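Single-letter residue listing:
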Amino acid sequence: MTSPQIETIGEALDAFQIELPSWGFANTGTRFGKFLQAAAATTVEEKLADAGEVHRLTGVCPTVALHVLWDFPDGLKSVEHVRAISKQYGVRPGSINPNVFQDQQYKHGSLGNPDPTVRLAALDHIVKSIQIARELGSRDVSLWFADGSNYPGTANIRQRRLWFEDALAQAHAHLSPNQRMLVEYKPFEPAFYHTDIADWGMALLLATKAGPQAKVLVDTGHHYQSQNIEQIVAWLLADSMLGGFHFNDRRYADDDLTLGSIDPYQVFRIFHEILTYEWEKGSRTDIAYMVDQSHNLKGKIEAMIQTVTTAQELYAKAALVDHETLASCQSSSSLVDAENCLKDAFSSDVRPAIQEWRRSHGLPEDPLDAFRSSGYLDRITAERAEKNRASVSSYA
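Residues numbered from 1 in each chain as written. Predicted model: local features only at pLDDT ≥ 70, side-chain atom pairs only at ≥ 80, totals over all residues. Heavy atoms only, no water.

(A) Spatial organisation of the overall build of the protein chain. The secondary structure content of the protein chain amounts to 15 helices and 12 strands. The globule rule puts the C-alpha radius of gyration for 396 residues at 21 Å, and the 21 Å found for the protein chain is close to it. Each of the three principal axes of the protein chain carries a C-alpha extent, and together these read 65 × 55 × 40 Å. Out of the 396 residues belonging to the protein chain, those deemed buried represent 54%. Pairs at least 24 residues apart make up 78% of the contacts formed inside the protein chain by residues separated by at least 6 positions. Put simply, the protein chain shows about 18300 Å² of open surface, and 51% of that area lies on carbon and sulfur atoms. (Helix = DSSP H or I, 4+ residues; strand = E, 2+ residues; numbered from the N terminus. Rg over C-alpha atoms; globule rule 2.2 N^0.38 Å. Buried < 20%, exposed > 50% of the residue type's maximum accessible area, 1.4 Å probe, protein only. Contact = heavy atoms within 4.5 Å. Areas by Shrake-Rupley, 256 points an atom, 1.4 Å probe, with all protein chains shown as cover.)

Here it is in structure tokens:
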């Protein structure tokens, strides 16, 4: 690898950060139950401690996405505690995620619920989440809705859309000038006939109607099989409506597997679209990169380190694409040469350059190896094993 390429990778990594999800350190499972891990985090303090360890080893995860229901049990009263322990473990509160899908009242939806009292309760929770974000200095409030229906004829789809439009506009009015609302979409699950925000177009329309501080959030697992996610990214970039990502990988549906474990070339292509757009514009885009995974079987912290280092590798590879050559090939319809511009960059071994970048920043060359030899896992396993053994893991 040439010196200019190493320098390009270094500059790209200097600009790259990715947010960790607090829930990725806790016990997770499927519809059929949880597989408990002795070292899984059981409190928000333990989640932030684990996130701080990942950031200490990788240097690129300074913020942690927090979930209001799970991480703020007393709502606004929990803010000071979260602020203090975040500082203690060397991380900052990141995006704030309301929960309008778990409570029993949301059985038939939240903002799309036929019951106006439930719609009001959901809106009130979102507004309180915006307040929590403001108190913590968190810019982004990420909204995902499980709303939808399972059977034809059981819901008025157009009316539910109107309820969403009205409620999101009301929520947007509570944002401070530096805050953003990120609207996420998902084609199915837990609703299987129709989902109220099923794709990027629906999310885009709702965000546009909500107000200028609303953008679209792309979860890489929230698409149909073989959908061209990088084309969606390109379209959202063109309209300045791409707010952020929830990164994960999948084989079939919303599998929430570790990033790049199934299709690393897809993640590379997404990063390529973003970096090409930035090259064309001559400036960086304001995109929140976040992880959203469910480590049911892999060790929580190891899986997170694996994802972060994979994201760095794929971002570095995308930074090596020769944009001028690619643009020239595209203009002349030199198809083979244009495709090879991407394949050559993707095939590059960027690991030595990343190791050099880590050395220059006082970070371990191999974060996973450093974690395994640190003794951290042994310590938290001893501290948390008893609590995790007492957890309920059955489905029925």
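(B) The nonpolar core, seen in detail. One finds Phe245 and Tyr289 to be the most contacted residues of the largest nonpolar core, which totals 105 residues. The leading source of residues in this core is helix α10 (residues 300-319), at 10 residues. (Core = buried A, V, L, I, M, F, W, Y, C linked by side-chain atoms within 4.5 Å.)

(C) Just the pattern of salt bridges, in detail. The full count for this structure, using the stated rule, is 21 salt bridges. Between Arg384 and Glu46 there is a salt bridge, with its nearest N and O atoms 3.7 Å apart. A residue pair is termed long-range when its members are at least 10 positions apart, and Arg384 in helix α15 (residues 376-389) and Glu46 in helix α2 (residues 44-58) qualify at 338 residues. For Arg384, a relative accessible area of 2% gives the class buried. (Salt bridge = Lys/Arg side-chain N within 4 Å of Asp/Glu carboxyl O.)

(D) Structural context of empty space enclosed by the protein. Going through the model one piece at a time under the given rule, you end up with 1 cavity of 30 Å³ or more. In this model, the largest cavity occupies a volume close to 50 Å³. Around the largest cavity, the lining residues are Lys186, Pro187, Phe188, Glu189, Gly221, His222, His223, Ala253 and Asp254. Among the residues making up the lining of the largest cavity, the classes are represented as 3 nonpolar, 3 polar and 3 charged. (1 Å grid on protein atoms, 1.4 Å probe; cavity = no way out; pocket = protein on both sides within 12 Å on 5 of 7 lines; lining within 4 Å. Points joined across faces, edges and corners; volume = space filled by probe spheres on them. Nonpolar A, V, L, I, M, F, W, Y, C, P; charged D, E, K, R; others polar.)

Shape is all these values report; function is a separate question.
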